[in-house]
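# A structural walkthrough
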Amino acid sequence: MKVLDGIQALREWQSTVTPLSAPRTLGLVPTMGALHEGHLALVRRARAECDLVCVSVFVNPTQFGPGEDLASYPRDRARDSELAAEVGADAVWFARAEEVYPAGFATRIELPSLANRLCGIERPHHFPGVALIVLKLLHLFRPTHAYFGEKDYQQSVLVTRMVRDLDLDLAIVTCPIVREESGLARSSRNVGLSEAGRMAAGTLSAGLFRAQMAYAEGVVDAAALIGEVVAEIGDQKVALEFIELVDRETLEPLETVDPALGARLLIAGRVEKVRLIDNVPLGGPEA
Ligand code: PAF
């Protein structure tokens, strides 16, 4: 596996692996590093579907707001390279913020209003920053496929919408959430949780699973489903940000689940200052 540093190294690698006479599929797995099983599942999927697989590792400053965890975000280049190689990536790419956003960089992306809801309320900088870096990565790598995890459900909806709106010629592949044994959704930020914090964090997924069970027993009302999640979290030390039942594509709030259309139940909260997000599907065509 090649370890690539910066834009020039990426272009040189591209010129060796994509001669015009032999078009190939390239799967990009964009990450901010601190790779975990969730990322590795994306790389494995890309490996199964594409001729070439590249993992980008870039802790993107534009998607962090003032006072957020940009400085303390976990970084371990050697471990990330090792893990990416183990699951069969052809290249892992690292870049410095000064090269991605050189002095004078001024372009911004305006997103649809769904970027201002849910996670966008607490983190207004987040999705414009995500859209900017994802668009830049798609231009740099020119992948035929790009892989995103469903844990960041709102992100995957926004990226899919951006790619469709701008007629970008690639497939956005969203992959199911990978969970720890306790049910906690895998996240690079989980390392910031103590043992007790992990227990409290586990109630988020337990609450969502409880709502799924209630739905399977016939509960379709948003307030009742959300009530199941709240009851499961109980008096654990979780600072809840939101629990919302939303349309799977528009992320508009729903009052009930239409079983034929399905819905998504999303949650965000903080445990010991670690921001956690999770979600589950309810009903819908694939259920
Ligand atoms: O999901 C993430 O890790 C990041 O938001 C992404 C897509 C790599 C953009 O920085």
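The present account deals with the structure reproduced in this document. Since this is a predicted model, take the numbers as computed values, not measurements.

### Side note on the site of the ligand
Taken together, Pro30, Thr31, Met32, Asn60, Gln63, Val130, Ile133, Phe148 and Gln155 make up all the residues around the ligand. At 2.6 Å, a side-chain N or O of Gln63 approaches an oxygen atom of the ligand. Protein chains shield 89% of the accessible area of the ligand, which is 290 Å² for the free molecule. Elements with a contribution of two residues or more to the shell around the ligand: β2 (26-31) and α6 (126-141).

### With respect to the sheet that holds β2
Taken together, the six strands give an open sheet; going across it, the order is β1-β4-β3-β2-β5-β6, and neighbouring strands pair in parallel fashion. If you trace the sheet from one side to the other, it starts and ends with β1 (2-5) and β6 (171-175), each paired once. Averaged over all neighbouring strand pairs, the angle between strand axes comes to 25°, with direction disregarded. Helix α2 (residues 37-49) rests against β2, β3 (52-57), β5 (145-149) and β6 of the sheet, and its axis sits at about 155° to β5. Packing of helix α3 (residues 77-86) onto the sheet brings it into contact with β1, β3 and β4 (91-94), and relative to β4 it is tilted by some 155°.

### Considerations on the packing of helix α8 (residues 195-216) against helix α9 (residues 222-233)
For the pair α8 and α9, the least separation of the axes is 8 Å and the interaxial angle reads 140°. Considered as vectors, α8 and α9 are oriented oblique to each other. Considering only the axes of α8 and α9, their crossing is right-handed. Side by side, α8 and α9 meet where Thr203, Leu204, Ala206, Gly207, Leu208, Arg210, Ala211, Ala214 and Tyr215 of the first sit next to Leu225, Glu228, Val229, Ala231, Glu232 and Ile233 of the second. Partitioning the contact of α8 with α9 into residue classes produces 10 nonpolar, two polar and three charged.

Quick notes on the rules
Residues numbered from 1 in each chain as written. Predicted model: local features only at pLDDT ≥ 70, side-chain atom pairs only at ≥ 80, totals over all residues. Heavy atoms only, no water. Near = heavy atom within 4 Å. Polar contact = N/O pair within 3.5 Å; in protein donor to acceptor, adjacent residues only side chain to side chain. Areas by Shrake-Rupley, 256 points an atom, 1.4 Å probe, with all protein chains shown as cover. Helix = DSSP H or I, 4+ residues; strand = E, 2+ residues; numbered from the N terminus. Pairing = 2+ DSSP bridges. Axes fitted to C-alpha atoms, helices over the stretch in contact; angles between N-to-C directions. Contact = heavy atoms within 4.5 Å. Parallel < 35°, antiparallel > 145°, perpendicular 65-115°, else oblique. Left-handed = near helix turned anticlockwise from the far one by under 90°. Nonpolar A, V, L, I, M, F, W, Y, C, P; charged D, E, K, R; others polar.

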